[in-house]
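Now for the letters of each chain:
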Amino acid sequence: MKKRLLPVLLSLVIAFGLLPTTFSVKAKFGYVQRQTSEVGIAFIEAFEGYAQYAYWDYTQYSIGYGTACEKDEYPAGISEPYAHNLLKKVLPTYENGVNKFLKSSDIYVTQNQYDALVSFTYNLGAYIWESRESTIETYLKNGIENYTDKQIADAFGCGIIDLNRCGLNFANIDTYT
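The notes below deal with the structure included here. If you're wondering where the values come from, they're calculated on a predicted model, not measured in any experiment. Think of each chain on its own: its residues are numbered from 1, step by step along the sequence as written. Only residues with pLDDT of at least 70 get local features here, since the model is predicted, and only at 80 or more are side-chain atom pairs given and counted; chain-wide, interface and lining totals rely on the full set of residues. Heavy atoms throughout the structure, all of them, feed into the side-chain values; hydrogens and water do not.

## Some words on the packing of aromatic side chains
The pairing test for Phe, Tyr and Trp rings, Trp by its six-membered ring, is centres within 6.5 Å, and the orientation test on the planes gives stacked under 30 degrees, edge-to-face over 60, and tilted for anything in between. This model, assessed by the stated rule, comprises five aromatic pairs. Ring plane angle 50 degrees and centroid distance 5.8 Å describe the contact between Y50 and Y65, whose orientation is recorded as tilted. One end of the pair, Y50, is in the loop between helix 2 (38-48) and strand 1 (51-57); the other, Y65, is in the loop between strand 2 (60-64) and strand 3 (67-69), with 15 residues separating them in the sequence. Buried residues are those whose accessible area, probed at 1.4 Å on protein chains only, stays under 20% of the maximum for their type, while exposed residues exceed 50% and partly exposed ones sit between those limits. Residue Y50 is classed as partly exposed on the basis of its relative accessible area of 31%. With a centroid separation of 5.0 Å and 70 degrees between ring planes, the pair formed by W56 and Y61 is classed as edge-to-face. Helix and strand labels come from DSSP, where a helix needs a run of H or I of at least four residues and a strand needs a run of E of at least two; each type is numbered from the N terminus.

The structure is reproduced here in structure tokens:
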């Protein structure tokens, strides 16, 4: 009975947010590769919005939930379920960029923080971790909650308004903005 009760109690504690929000898991033998949660994917979809047909998105054509494509790759457009699957298919590229950065910097984040970083990376590209590493790395290592929204926005190279738009509301790390 005790063996079954402990996992149930732990699940309830986690589900109702009774553990500290800065709690993050370190693997016993090294870094744990993360993936974007379903909540994180839903956040990206809500932020990007759905587009049935390809559109010009600053530097590329995109479709669905902001997934890069060729101008005439989907002449009949795509459905929302197809767009969802397309997003899930390309996310590993962005997750790998975040995972590589976190591992090389020895930084451990919560799932919500990780999802926000993937959302940000999906918006700007996986290269982002190579060009702005030093300030971001410092902020993450020292505890991002110790910095103002303006400092965080400057570190990530986006304006204060774009910070929340990019999904990086680290002041409320347990919520998706």
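## With respect to unusual backbone geometry
One non-glycine residue with positive phi stands out, namely Y58, at about 70 degrees. Position of Y58 among the secondary structure elements: in the loop between strand 1 and strand 2. Even without being glycine, D106 reaches a positive phi, approximately 55 degrees. By secondary structure assignment, the location of D106 is in the loop between helix 3 (80-105) and helix 4 (111-124).

## Examining the packing of helix 2 against helix 4
Viewed as axis vectors pointing N to C, helix 2 and helix 4 meet at an angle of 40 degrees, and their least axial separation amounts to 9 Å. Considering how the two elements wind past one another, helix 2 and helix 4 form a crossing that is right-handed. Contacts between helix 2 and helix 4 involve G40, F43, I44, F47 and E48 from the former and D115, V118, S119, Y122 and N123 from the latter. A per-class count over the contact of helix 2 with helix 4 returns five nonpolar, three polar and two charged. Axis geometry follows a simple rule: fit a line to the C-alpha atoms, using only the stretch in contact for helices, then measure angles between N-to-C directions, giving values from 0 to 180 degrees. Note on convention: the crossing is left-handed when the near helix lies turned anticlockwise from the far helix by less than a right angle, right-handed when the turn is clockwise. A contact between two residues is defined here by any heavy atoms of the two lying within 4.5 Å. Gly counts as polar in this scheme, as do all residues outside two lists: the nonpolar Ala, Val, Leu, Ile, Met, Phe, Trp, Tyr, Cys and Pro, and the charged Asp, Glu, Lys and Arg.

## Some points on the environment of Y94
For Y94, the position within the fold is in helix 3. In this structure Y94 comes out as buried when scored by relative accessible area, which is 19%. Residue contacts for Y94: discarding those within four places in its chain leaves V118, T121, Y122, G125 and A126.

## Brief notes about helix 2
G40, I41, F43, I44 and E45 are the residues of helix 2 that are buried. As for helix 2, its buried residues are in contact with helix 3 and helix 4. G49 occupies a position one or two residues after helix 2 and carries a positive phi of about 75 degrees.

## With respect to the pairing of strand 1
Summarising the sheet, strand 1 and strand 2 pair through four bridges and their orientation is antiparallel. Paired with W56 across the bridge in strand 2 is Y61. Hairpin connection between strand 1 and strand 2: a loop of two residues separates the two successive antiparallel strands, and Y58 in this loop has a positive phi of roughly 70 degrees. In this analysis, strands are considered paired if DSSP registers two or more bridges between them.

## Focus: helix 3
When the terminal C-alpha atoms of helix 3 are compared, their 37 Å separation across 26 residues agrees well with the 38 Å that a helix rising 1.5 Å per residue should span. Listed in full, the buried residues belonging to helix 3 are A83, L86, L87, L91, Y94, E95, G97, V98, N99, F101, L102 and S105. Two to three positions downstream of the cap, the backbone nitrogen of Y82 sits 3.2 Å from a side-chain oxygen, assigning the N-cap of helix 3 to S79. Immediately downstream of helix 3, the backbone of D106 shows phi near 55 degrees, a positive value. To estimate the expected span of a helix, count its residues, drop one, and scale the result by 1.5 Å. By the criterion applied in these results, polar contacts are pairs of N or O atoms within 3.5 Å in which, for protein atoms, one can donate a hydrogen and the other can accept it, and in which residues neighboring in sequence qualify only through two side-chain atoms.

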